[in-house]
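Observations on the three-dimensional arrangement
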Amino acid sequence: MEDKELQQEENKSVSISARFFNVLFALIAAGLMIVLKILVDFGVNLGAAFGIFAIIIYACAAIGVVLNFLSSKKLTGEFWINFGVLLTAILVM
C-alpha cells in the first residue's frame, strides 16, 4: 500500500503556463527593484552592488519584453507588463 502512495507522489509535477512564465521576468525585476529601493532608503551603502542590481533588473525586464514579443509576434498584455517594468526601472533608477 505504501509503495503505491509513494509512486503516486513521485509522478506529480509542477507546470507553469506560458503566460505566467512571460510575466515572471517582470515580477523578478519589480521585486528586485523594490528590494533595492528599500535598501537605499534605509541608508545601506551598496556601492558596486547597486550597479549589479541595476544590470540584473534591466536585463530581466528587457529579456521579458523580447521573449514576449518573439513568442507571440504581437503586443500582448504580458508584453506591456514587462515594458512597464522596464520603463519604470529606467525612470526610477
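Residues numbered from 1 in each chain as written. Predicted model: local features only at pLDDT ≥ 70, side-chain atom pairs only at ≥ 80, totals over all residues. Heavy atoms only, no water.

Another aspect to go through is the packing of aromatic side chains. As enumerated under the stated definition, the model contains five aromatic pairs in all. Considering the side-chain rings of phenylalanine 69 and phenylalanine 79, the 6.3 Å spacing of their centres and the 55° angle between planes classify their relative orientation as tilted. Here phenylalanine 79 lies in helix H4 (residues 77–92) and phenylalanine 69 lies in helix H3 (residues 48–72), a separation of 10 residues in the sequence. Between phenylalanine 79 and tryptophan 80, the aromatic rings sit 5.2 Å apart at their centres with planes inclined by 80°, giving edge-to-face as the arrangement. With a relative accessible area of 9%, phenylalanine 79 lands in the buried category. Among the residues examined, tryptophan 80 registers a relative accessible area of 45% and is labelled partly exposed. Put simply, the rings of Phe69, Phe79, Trp80 and Phe83 pair up and form one aromatic cluster. (Phe/Tyr/Trp six-rings, centres within 6.5 Å; stacked < 30°, edge-to-face > 60°. Helix = DSSP H or I, 4+ residues; strand = E, 2+ residues; numbered from the N terminus. Buried < 20%, exposed > 50% of the residue type's maximum accessible area, 1.4 Å probe, protein only.)

It is worth spelling out the confidence of the model for the protein chain at this point. Low-pLDDT stretches of the model should not have their predicted coordinates read in fine detail. Residues with a pLDDT of 70 or more make up 85% of the protein chain, whose mean pLDDT is 82. Across the protein chain, H4 holds the top mean pLDDT of 90, while helix H1 (residues 2–10) sits lowest at 57. (pLDDT = per-residue confidence, 0-100.)

With that settled, consider the packing of H3 against H4. Axes are the key here: two packed helices are described by the angle between their axes and the distance separating the axes. Two numbers describe how H3 lies on H4: the axes approach to 8 Å, and their chain directions differ by 155°. Compared by their axis directions, H3 and H4 come out roughly antiparallel. Considering how the two elements wind past one another, H3 and H4 form a crossing that is left-handed. Across the interface between the two elements, Ile57, Tyr58, Ala61, Ala62, Gly64, Val65, Asn68 and Phe69 of H3 pack against Glu78, Phe79, Asn82, Phe83, Val85, Leu86, Ala89 and Ile90 of H4. In terms of residue class, the contact of H3 with H4 is built from 12 nonpolar, three polar and one charged. (Axes fitted to C-alpha atoms, helices over the stretch in contact; angles between N-to-C directions. Parallel < 35°, antiparallel > 145°, perpendicular 65-115°, else oblique. Left-handed = near helix turned anticlockwise from the far one by under 90°. Contact = heavy atoms within 4.5 Å. Nonpolar A, V, L, I, M, F, W, Y, C, P; charged D, E, K, R; others polar.)

Attention shifts here to the nonpolar core. Counting 13 residues, the largest nonpolar core has Ala29, Met33, Ile57, Ala61 and Val85 as the members making the most contacts within it. If you list the elements that add at least two residues to this core, you get helix H2 (18–41), H3 and H4. Once you skip the residues sitting within four places of it in the chain, valine 85 turns out to touch Ala26, Ala29, Ala30, Met33 and Ala61. (Core = buried A, V, L, I, M, F, W, Y, C linked by side-chain atoms within 4.5 Å.)

Our focus in this paragraph is unusual backbone geometry. A positive phi angle, near 60°, is found at lysine 73, a position not held by glycine. Lysine 73 gets classed as exposed once you look at its relative accessible area, which sits at 60%.

Turning next to the packing of H2 against H3. Two elements in contact, H2 and H3, have axes whose closest approach is 8 Å; the angle formed by their N-to-C orientations is 160°. With respect to their mutual orientation, H2 and H3 come out roughly antiparallel. Read as a crossing pair, H2 and H3 show a hand that is left-handed. Seen from H2, the contacting residues are Asn22, Phe25, Ile28, Ala29, Leu32, Met33, Leu36 and Val40; seen from H3, they are Phe50, Phe53, Ile56, Ile57, Cys60, Ala61, Ile63, Gly64, Leu67, Asn68 and Ser71. The residue makeup of the contact of H2 with H3, split by class, is 15 nonpolar, four polar and no charged.

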